[in-house]
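The chain contents come next:
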Amino acid sequence: MFHFSNIVRSKGDPKIVEGGPSLKQPTDQLARALGWFSIGLGITEFFAPRRVTETLGMEGHETMVRAFGVREILAGVMSLSVDKNAGLWARVGGDGLDAAALLSGLTSDNPKKGNIALALLMVGGIAMLDYRAALDTKPQRPPPHARRKLYPNRSGFPKGLQAAKGRAKEMIQHATAGVTS
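Scope of this entry: the structure provided in the associated data block. On a predicted model such as this, the values are computed, not experimentally measured, just so you know.

Focus: the packing of helix α1 (residues 26-47) against helix α3 (residues 62-80)
Next, step 1: Here α1 crosses α3 at 155 degrees, and the two axes come no closer than 7 Å. The orientation of α1 with respect to α3, classified from their angle, is roughly antiparallel. Note that α1 runs across α3; the crossing there is left-handed. Contacts between α1 and α3 pair Ala31, Arg32, Gly35, Trp36, Ser38, Ile39, Leu41, Gly42, Ile43, Glu45 and Phe46 from the former with Val65, Arg66, Phe68, Gly69, Val70, Glu72, Ile73, Ala75, Gly76, Val77, Ser79 and Leu80 from the latter.
Next, step 2: Here the contact of α1 with α3 is built from residues that sort into 13 nonpolar, six polar and four charged.

Shown next as structure tokens:
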């Protein structure tokens, strides 16, 4: 089977023959999916705000929709980053803003209030997913009374610090010998 990553491997590196199971947890996969969803929705809101407002019967609020699009994109990028928890909480807060904005359009004179009701239902469902993902990706910290592990005798070098220094000296000598000859 062909693996794309084999193209970029250096000569002598082992080739990938078969992939193993994913190390991503379901919570990480949900956070990733929500991040990409947020980016897609944000792009739609930013580049097609008139279409969004016409669908909801909320014409004249295009600037707000465009601002919500920027917020969605930023929250999505944060949800895909190392600090995905902050991005997911930003999404939860954004869901509240979305619901408030939609509720303002739920008036008796709006002929498209059915669309707003449907959008509110979708925002509610997504908000539950966002909230669950934000709770599940909360950074795990040790209890305050837990004993810290200290490693004063470890250097981080498998053969010891002296061996690493010796190897570095050899490499420098080899490199400078090649330059001077």
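Notes on the pattern of salt bridges
Next, step 1: Under the criterion given, the structure shown has seven salt bridges.
Next, step 2: As a salt-bridge pair, Asp98 and Arg71 come within 2.9 Å of each other at their nearest N and O atoms. Taken as a pair, Asp98 in helix α4 (residues 84-104) and Arg71 in helix α3 lie far apart in primary sequence, 27 residues in all.
Next, step 3: Taking relative accessible area as the criterion, Asp98 reaches 9% and is therefore assigned buried.
Next, step 4: The buried category is assigned to Arg71, whose relative accessible area is 19%.

What counts as what
Residues numbered from 1 in each chain as written. Predicted model: local features only at pLDDT ≥ 70, side-chain atom pairs only at ≥ 80, totals over all residues. Heavy atoms only, no water. Axes fitted to C-alpha atoms, helices over the stretch in contact; angles between N-to-C directions. Helix = DSSP H or I, 4+ residues; strand = E, 2+ residues; numbered from the N terminus. Parallel < 35°, antiparallel > 145°, perpendicular 65-115°, else oblique. Left-handed = near helix turned anticlockwise from the far one by under 90°. Contact = heavy atoms within 4.5 Å. Nonpolar A, V, L, I, M, F, W, Y, C, P; charged D, E, K, R; others polar. Salt bridge = Lys/Arg side-chain N within 4 Å of Asp/Glu carboxyl O. Buried < 20%, exposed > 50% of the residue type's maximum accessible area, 1.4 Å probe, protein only.

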